[in-house]
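Architecture at a glance
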Amino acid sequence: MPPRRRPLRLTAALLGLATTFSLAACGNSADGSTDKAVPEAGDQKGVQINLGPDQKRITTPTVDSIAALVPAEIRERGTLEVVNSAGSVPPLDFYATDDKTVIGVEPDLASLIANVLGLKPHYNTVDWANIFVGLDSGKYDLGLSNITVTEERKEKYDFATYRLDNIAFESKKGSDWRVKGPADVAGRTIGVASGTNQEKLLVDWSKANVEKGLKPTEIKIYQNSSDYYLALGSGRLDAYLGPNPVAAYHSASTGETEIIGTFSGAGDEVQGKIAATTKKDNGLVKAFQQAIDTVIENGTYQKVLERWGLANEAVSSSELNPVGLPKTAP
């Protein structure tokens, strides 16, 4: 299991916009699991993050009419099998201070969905690739792990959106370059997680650069955050491309890196969307969509996003199978 870096301070604006604030540890609660963020200046309210295994998650009532949309075998089972990947750093899916309980914005939202459906969430933590293997086999009902809607994935899965998808290039602090478009990564060495939409976007950019006579991007694949941050710190990578919330949190909590470019996770022409993911035509996606709309309407969704500093990535409603990241041209 890779080492976990204890987070220091963050603010809601910091996670979304990567604004620079003064970061330092402060007093913790009795269980040693709560850190508080306070901006250096201004009137923004700090966010208290509970890092312990006892999360006291926000809850919401069951809605019988939506619960009735769930296939009978799952209702009889009584559990919602949720799959996630905790290989990243906060605030998405990560390990609590006990190094075994997965916490973050994704488990909190999965819990709300299960509440609406009258089910008990059961969390299954696997590596990224096995999320889709388990969904394919029907072992898991719901994938909630920062999964972006793509046109290729829509051939096998159904999606109900719940958050905007923005990605960021994170580089060692003091970098003398910025990423404003594909040409800026020509000839650079960039790290990325395998099988993600970030990898696809980077591959597309590199191909486009080569077609224009520019140097290709050397793409390095990583599975663990500790590995790519080590490579970034040692200079073996020029930058790492990953989810914006993770990059902003890491750059803020360590002071060792900075964000040098942010983009939609679905490319230049489409705003990327993060979605609840399930096997295509298994009868669950409409229940998920209506559950998400319910928690958006009753305010518990917003409370969860605010809890993790992601209020700026909120959506006003859940979309069913929207336009996603285009397929890679052959």
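It should be noted that the structure appears before, not after, this text.
Described in the following lines is the structure provided in the data block. Quick caveat, the model's predicted, so the values are computed rather than measured. (Residues numbered from 1 in each chain as written. Predicted model: local features only at pLDDT ≥ 70, side-chain atom pairs only at ≥ 80, totals over all residues. Heavy atoms only, no water.)

1. Some words on unusual backbone geometry
Counted only if it meets this: Labels follow the DSSP assignment, with helices taken as runs of H or I lasting at least four residues and strands as runs of E lasting at least two, numbered in each case from the N terminus.
Phi is positive for D99, which is not a glycine, with a value near 60°. Structurally, D99 can be placed in the loop between β4 (94–95) and β5 (102–103). Phi at N321 takes a positive value of approximately 50°, unusual for a residue other than glycine. Of note, N321 is situated in the segment after α10 (300–307).

2. Focus: the pattern of salt bridges
Which entries qualify depends on this criterion: Whenever a carboxyl oxygen of Asp or Glu lies within 4 Å of a side-chain nitrogen of Lys or Arg, that contact is scored as a salt bridge. Categorising residues by exposure relies on relative accessible area from a 1.4 Å probe, with only protein chains included: less than 20% of the type maximum marks a residue as buried, more than 50% marks it as exposed, and the intermediate range marks it as partly exposed.
Scanning all chains against the criterion turns up 15 salt bridges. A salt bridge links K220 to E218; its shortest N-O distance comes to 3.0 Å. Looking at K220, the relative accessible area reads 32%, which means it is partly exposed.

3. Observations regarding the layout of surface pockets
Put simply, the test is: Two kinds of site are reported from a 1 Å grid over the protein atoms alone, namely cavities, where a 1.4 Å probe fits but cannot get out, and pockets, open sets with protein on both sides within 12 Å along at least five of seven lines, and residues are called lining when an atom falls within 4 Å of a point. Grid points are joined across faces, edges and corners, and a volume is the space filled by probe spheres set on the points. Amino acids are sorted into nonpolar (Ala, Val, Leu, Ile, Met, Phe, Trp, Tyr, Cys and Pro), charged (Asp, Glu, Lys and Arg) and polar (every other residue, Gly among them).
In this model, the second largest pocket occupies a volume close to 340 Å³. In terms of lining residues, the second largest pocket is bounded by 16 residues, among which T150, E152, R153, G195 and T196 are the most central. For the lining of the second largest pocket, the elements supplying multiple residues, two or more each, are α5 (128–137) and α6 (197–211). Counted by class, the lining of the second largest pocket contains 6 nonpolar, 5 polar and 5 charged residues.

4. As for the pairing of strand β9 (residues 189–193)
The two faces of a sheet get side chains in turn, since along a regular strand they alternate between them. How we decide: Paired strands, as defined in this entry, are two strands with at least two bridges between them according to DSSP. Orient the strands so they point away from the viewer; a crossover is then right-handed if the path from the first strand over the helix to the second runs clockwise.
Counting buried positions along β9 yields 5 of 5 residues, so the element is predominantly enclosed. By the alternation rule, side chains of β9 split into T189, G191 and A193 and I190 and V192, which are all buried. When β9 meets strand β10 (residues 218–222), the two strands line up parallel, connected through 5 bridges. Directly across from G191, in β10, lies its bridge partner K220. Handedness of the β9-α6-β10 crossover: right-handed. Of the strand pairs in this sheet, β9 and strand β11 (residues 239–243) are connected by 2 bridges, and their pairing is parallel. Among the inter-strand pairings, I190 is bridged to a residue of β11, identified as A239.

5. Description of the nonpolar core
Which entries qualify depends on this criterion: Definition of nonpolar core: a set of buried residues of the types Ala, Val, Leu, Ile, Met, Phe, Trp, Tyr and Cys, connected through side-chain atoms within 4.5 Å. Pairs of residues are marked as contacts when any of their non-hydrogen atoms sit within 4.5 Å.
With 49 residues, the main nonpolar core has L109, I113, L117, L142 and L144 as its most contacted residues. Elements represented by at least two residues in this core include exactly β3 (79–84), α4 (105–117), β8 (157–172), α7 (225–234), β13 (272–279), α9 (285–298) and α10. Tallying contributions element by element places α4 first for this core, with 8 residues. Apart from the residues lying within four places of it in its own chain, the contact partners of L142 are L80, E81, V82, V83, A110, I113, L135, A276, T277 and F288.

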